[in-house]
Amino acid sequence: MTTSDLENDGVIRAYDRWAPIYDLVFGGVFREGRRDAIGAAEAALPDGGRVLEVGAGTGLNLPLYKPTTRLVAVDLSPGMIAQIAKRKAQLGLANLEEVEVMNAQAMTFTDDAFEVLVANYVVTSCPDPEAALDEFVRVTKPGGHIVITTRIGANTGLRGRIEKALMPITRRLGFRTDFPYSRYENWAKANGQVELLENRPLPPLGHFSILTYRKTANCNNSGVK
Ligand SMILES: C[S@@+](CC[C@H](N)C(=O)[O-])C[C@H]1O[C@@H](n2cnc3c(N)ncnc32)[C@H](O)[C@@H]1O
């Protein structure tokens, strides 16, 4: 284990602490990425299909979906899940069908369960990002889309050095700053069941991107657009 690794217990502790103030700190910062990711997800969703939001946090994204979009939300942190329950009580969100504490790296859903999966600002928080990404593919139907909003680390240069230096601090806060795009490239190659449809850097600085993958394996008449 290296100093850049996260562990489940540490992530749970960190996000249970973030939960009451998360919207205040991160609500505005990530607004654009959330909106674009949800647009991409809904564009790929066939009628009657379901979206799984992994690492849904306090549920900031959930009211941004159309009221007709069927949603399931999971997160590792019970504190975050409690905030989603509060939001559901306040806003209704009748399209939110299921909310559960669940580890993205070992989900209890059956294979091919969802038409679209969304993971906004989650992968770099997962203790084992590649295991989580494999699970994203497993629970998505063939032909379905996986929409990921993520930090893309610089790897080299001054920004790369700063991101590496920040790791001992950000790790305690529950996320990685040091996460180069090559991690996604290497994972996709090893997984072998995804095709990258889009890598769209987000303004203002392009340090975050929306990555959209399509699950290619066993592609058949799944009805997914
Ligand atoms: C930066 S927050 C993003 C929350 C939300 N998606 C958003 O857009 O605001 C990262 C979230 O990922 C969750 N998370 C981290 N590792 C996870 C895992 N292995 N399984 C499920 N959720 C996880 C954390 O609990 C936290 O709620």
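Predicted model, so just to flag it, every value in this text is computed and none were measured.

**With respect to the sheet that holds strand β4 (residues 114–120)**
Reasoning step 1: If you trace the seven strands from one edge of the open sheet to the other, you get β3-β2-β1-β4-β5-β7-β6, paired in mixed fashion. The open sheet has two free edges, formed respectively by β3 (96–101) and β6 (194–202), since each of these has just one partner strand. Strand after strand, the sheet turns through a mean of 15° between neighbouring axes, direction not considered.
Reasoning step 2: Bridging between strand β5 (residues 140–151) and strand β7 (residues 208–215) involves seven bridges; their strand directions are antiparallel. Looking at β7, one finds that Val-147 is bridged to Thr-212.

**Section: the site of the ligand**
Reasoning step 1: Lining the immediate environment of the ligand, one finds 22 residues, of which Arg-34, Gly-55, Asp-75, Ala-104 and Asn-120 sit closest.
Reasoning step 2: The side chain of Asn-61 places a nitrogen or oxygen atom 3.4 Å from an oxygen atom of the ligand.
Reasoning step 3: Burial of the ligand by the protein amounts to 98% of the accessible area it has alone, namely 590 Å².
Reasoning step 4: Here the shell around the ligand is composed, by residue class, of 12 nonpolar, eight polar and two charged.

**What to know about the pairing of β4**
Reasoning step 1: Taken across its seven residues, β4 has seven buried, putting it largely inside the fold.
Reasoning step 2: One ladder, built from six bridges, connects β4 with β5; its direction is parallel. By the bridge assignment for β5, Asn-120 is matched with Thr-149.
Reasoning step 3: Between the parallel pair β4 and β5, the chain is carried across by helix α5 (residues 129–139), and the sense of this crossover is right-handed.

**Looking at the packing of aromatic side chains**
Reasoning step 1: Under the definition given, this model contains 10 aromatic pairs.
Reasoning step 2: Taking 5.5 Å as the distance between ring centres and 70° as the angle between the ring planes, the aromatic pair formed by Phe-179 and Tyr-184 counts as edge-to-face.
Reasoning step 3: The class for Phe-179 is buried, based on a relative accessible area of 1%.
Reasoning step 4: For Tyr-184, a relative accessible area of 1% gives the class buried.
Reasoning step 5: Among the aromatic side chains, those forming a connected cluster through ring pairs are Trp-18, Tyr-22, Phe-26, Phe-30, Tyr-121 and Phe-208.

What counts and what doesn't
- Residues numbered from 1 in each chain as written.
- Predicted model: local features only at pLDDT ≥ 70, side-chain atom pairs only at ≥ 80, totals over all residues.
- Heavy atoms only, no water.
- Pairing = 2+ DSSP bridges.
- Helix = DSSP H or I, 4+ residues; strand = E, 2+ residues; numbered from the N terminus.
- Axes fitted to C-alpha atoms, helices over the stretch in contact; angles between N-to-C directions.
- Near = heavy atom within 4 Å.
- Polar contact = N/O pair within 3.5 Å; in protein donor to acceptor, adjacent residues only side chain to side chain.
- Areas by Shrake-Rupley, 256 points an atom, 1.4 Å probe, with all protein chains shown as cover.
- Nonpolar A, V, L, I, M, F, W, Y, C, P; charged D, E, K, R; others polar.
- Buried < 20%, exposed > 50% of the residue type's maximum accessible area, 1.4 Å probe, protein only.
- Right-handed = clockwise from strand over helix to strand, strands pointing away.
- Phe/Tyr/Trp six-rings, centres within 6.5 Å; stacked < 30°, edge-to-face > 60°.

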